[in-house]
Amino acid sequence: MPFAEVAVYSGRPHRGTFTYAIPDHLTVRVGDGVYVPFGRQVVQGVVLQLTDNPAVAEPREVLSLVEGGRLLTVAQAMLTRWIADGYLAPIFSAVALFLPPGFERRPRRLLSASPGPAPARDEDLSSGERAVLAMLAAKGELAVDSLTLPAGARVGPVVRSLLRRGLAQERYELAPPGVREKVETRVALDVDAAAARSAIAAWPQSRRSRQADLLERLVDGPLPLPDARRLAGGRAGLDRMLDRGGLLTRDGDTVRAIVDVETLTAAVHSLRRTRAERAQVAALDALLGGAGSEVALRAESGATRADIAALADAGLLRRERRHVERDPLADRSVSPVPPSALTDDQTRAYRAIHEALECARTARALGRAAGACFLLHGVTGSGKTEVYLAAVDHVRSHGGRAIVLVPEIALTPQTVDRFAARFPGRVAVQHSALSLGEAYDQWQRIRRGDADVVIGSRSALFAPLPDLALIVVDEEHEWTYKQTDPAPRYHVREVVEEYCRLTGAVAIFGSATPDVVTAARAGQGRYQRLDLPQRVRRANPADPASLLEPVPLPAVDVVDLREELRAGNRSIFSRLLAAAIDDALAARQQVMLFLNRRGAAVFVCRACGEAASCPRCSVPLTFHSAVGLMRCHECGHSNEPVTTCPACGADRLRKMGLGTQRLEEEVVKRFPAARTLRWDRDTAAGKGGHERLLARFLRGDADVLIGTQMIAKGLDLPAVTLVGVVSADLSLRLPDYTGPERTFQLLTQVAGRAARGPRGGRVVVQTYAPDHYAITAAAAHDYQTFFDAEMAARAAHDYPPFGRLARLVHADSDTARARDQAQALADFLRRERDRLGLPGPEVLGPTPAYVYRRRGRYRWQITLRGADPLPLLRGLDFGRGWTVDVDPVSLL
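Residues numbered from 1 in each chain as written. Predicted model: local features only at pLDDT ≥ 70, side-chain atom pairs only at ≥ 80, totals over all residues. Heavy atoms only, no water.

Engineer: For this particular structure, what's the right way to read the pattern of salt bridges?
Structural biologist: When the charged atoms of two side chains with opposite charge come close together, those side chains can pair. With the rule as written, the count across this model stands at 56 salt bridges. Ionic pairing is found between D467 and R401, a salt bridge with its closest N-O pair at 3.1 Å. One end of the pair, D467, is in the loop between strand 18 (453-456) and strand 19 (468-474); the other, R401, is in strand 16 (residues 401-405), with 66 residues separating them in the sequence. Two residues, D485 and R489, come together in a salt bridge whose shortest N-O distance is 2.8 Å. Taking the relative accessible area as the measure of exposure, D485 reaches 53% and is therefore exposed. Classification of R489 by relative accessible area gives buried; the value is 11%. Connected through salt bridges with shared partners, the residues R493, E494, E497, D515, R521 and R526 form a single ionic network. (Salt bridge = Lys/Arg side-chain N within 4 Å of Asp/Glu carboxyl O. Helix = DSSP H or I, 4+ residues; strand = E, 2+ residues; numbered from the N terminus. Buried < 20%, exposed > 50% of the residue type's maximum accessible area, 1.4 Å probe, protein only.)

Engineer: Explanation requested: the sheet that holds strand 14 (residues 317-324) in the structure shown.
Structural biologist: Strands pair in a sheet through their backbones, by hydrogen bonds, and they do so in one of two ways: parallel or antiparallel. Taken in spatial order, the 3 strands line up as 13-9-14 in an open sheet, and their pairing is antiparallel. This sheet does not close on itself; its edge strands, each paired only once, are strand 13 (292-293) and strand 14. Of the strand pairs in this sheet, strand 9 (residues 182-189) and strand 14 are connected by 8 bridges, and their pairing is antiparallel. Its bridge partner being in strand 14, R186 is matched across the sheet by E320. (Pairing = 2+ DSSP bridges.)

Engineer: I would appreciate a short explanation of empty space enclosed by the protein in the present structure.
Structural biologist: Gaps left between atoms are located by rolling a probe of water-molecule size over the structure's atoms. Summed over all chains, the structure comprises 1 cavity of 30 Å³ or more. Each pocket or cavity is described by its volume, and for the largest cavity that value is around 70 Å³. Around the largest cavity sit F594, N596, S727, A728, D729, L730, S731, R742, T743, L746 and L747, which together line it. Among the elements that line the lining of the largest cavity, the one with the most residues is helix 23 (residues 739-751), at 4 residues. (1 Å grid on protein atoms, 1.4 Å probe; cavity = no way out; pocket = protein on both sides within 12 Å on 5 of 7 lines; lining within 4 Å. Points joined across faces, edges and corners; volume = space filled by probe spheres on them.)

Engineer: Sorry if this is basic, but what is going on with the environment of F744 here?
Structural biologist: Within the secondary structure, F744 is located in helix 23. In this structure, the C-alpha to C-alpha distance between F744 and T776, residues 32 residues apart in sequence, is 8.9 Å. Excluding its chain neighbours within four sequence positions, the residues that come into contact with F744 are T513, A774, A777, A778, D782, Y783 and F786. (Contact = heavy atoms within 4.5 Å.)

Structure (structure tokens):
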């Protein structure tokens, strides 16, 4: 008998699979969803491996297959094991990345009264037991988690007591699925149009109506006022008819119709019918325009379900149940755009990718995997997307498919439009802003092979795309490609590399500011580097297929804010930036102002220097002037602004600091004629928020766009001629080894939004550290100088790419307990490393985490640096309170 290794969804974080026997009547494959017994429950699972050698002596049997077919390919099943092992994550959390939305269904524990006599004496029961038995008597069977008990009674002990005494019995079943296919009833005529019109004309006139009598007499001409009143049932009846409007008018002492005879006759017929008859006639009339949903038809005609059923019984219409796809792209109108000619640089890059795609295709045909990874290093505006499009076009021409990843949901609309214009009707999306129903339908569409290109944020990497041949990771340097919570805390770059090894797909990592680790791998030959050193622009911006021509990168001016202070300028805006904004506004050009901090300010006590902080987190509260509240950006806590210092009691709390809201206020004050638009997490909240803000700015509804890092990521804004970086130092001041890299990337990327249109542009960077290598290199558009300096800094401390990192954080409501637990683990790791004779890693800490308290829990951190940490950590059971992050992109 064959056996299956199954990742089970039990609600607990199992690191490994469980072995089950496969009964003779079932055909089970790797990647199939199955129902299996687990303890007293029945749970879902996914088969990750088949074997002839069970890991346990007498495994239980697989019960049945999950409906809907195979969920994972063999390569994806192997990848889930690699993710779980490499990131020390529960196995099912890695499997869940690939599963359809709403797949995971928790077991429900159901309770019912046992058959037989009730207990002899009611006083033998507690109040909680009596309450549960009463509910079961009334309802029959109830889910345990739905039981409501009197005050002081606890569900767990009460249920256990009833089961032990034989007064109740339990069973388990899976909860209903969280999402299903959307099905609606469609209604269409079951006769031809002529027959439908005849039915309408012949519809019976079943009742006498004074209003109908009046209208019928008016068909022959005007009536004297007394006759009209008599027919209408008196003065009030006639006044109601006149007030309705559109049919009659009073002309002196006569009443006449103001519509043609045909309309008046139709009104007579309508008034001679009952409500149901009128509704059924309206429904037939609406159906003459074609089929529609029953819900829409009822809303339009006023017909009820019974009315529709009567028409169906009469043979005039038919009803059909049809699947309806919830398509997030349904309302997007994109005109097809043919391929455009590539520049020489783009052509050289594409030819190398083309060759790799052909080699990979040949290898797959021979049953081998021969993937490859490219670093496409192109300056901002160099046309990396054109290379992506050409590669996807080639893949599609040979029956393959592609995944295109973007770092932010905000970038998805522009990227979708570019690809949908090239490949109409063949693009699908996957990201967290979709509704559950939309995500489910997109997943099913992708799985059926109805899409050739899947676009989305990091979760799109796990789309069920058949015949995967190409993965594009645009803006690959962005730290949003690292999953932080929940587990598995994977990095897209590492997963993509392994996925390509398993499937033979080709990967393109594209960026103007590559991650230092990615660039180092290209330097070592692990990735092939391709360069696009020249910014380009359409010769005719109105024609998306026109030729690309070279243009210079924008000039960057660095302003030393220390000099501004010495000159007496205490404004947010340096003299250079203020003058540049004035010039741009006078020329009716658009401006972008970047500040990597939302909100308005923090409240700081001018007596003792303490800031108003979150009661649950060790971070200052940020004042948001739009809502008049102080908010914590860690846990979301908010409260009204206060003026009394909680530390010293002085009435001297005052707003200090700068955020996007405060910046917007200062822009309005300094440039009153400017129309502003703020783009940050607060203003972009809600579905479609990013797209609406982008559309407004592209339409020219605002002169100045103020934003956080969202506006620095790959947006194409051709009307922007000036970009101002209000403060370039924020990430430099953080106690993190990635601070210089993040500063360089943000400055280069945000500067790249300027001068994309025919009017050119400039960038002004304000900083207190004008000589830092991250800032000078960004101002010179010089990646290589930055890379060399950063590599030297990291080599001295064994930071990536020279060593690996792992971050272990223990959180507890008691700080001493959190510290002691972290200290015990750090000591154990050092002893275990030495016992095993491992060359590393270095065990640093424990130390308080950068955010020492979060959501009321104190956090202590251990950092492992240097040699691969997995041999030391693999197999450890960390237990409650621990967070394990392998290869973190930040130590904060």
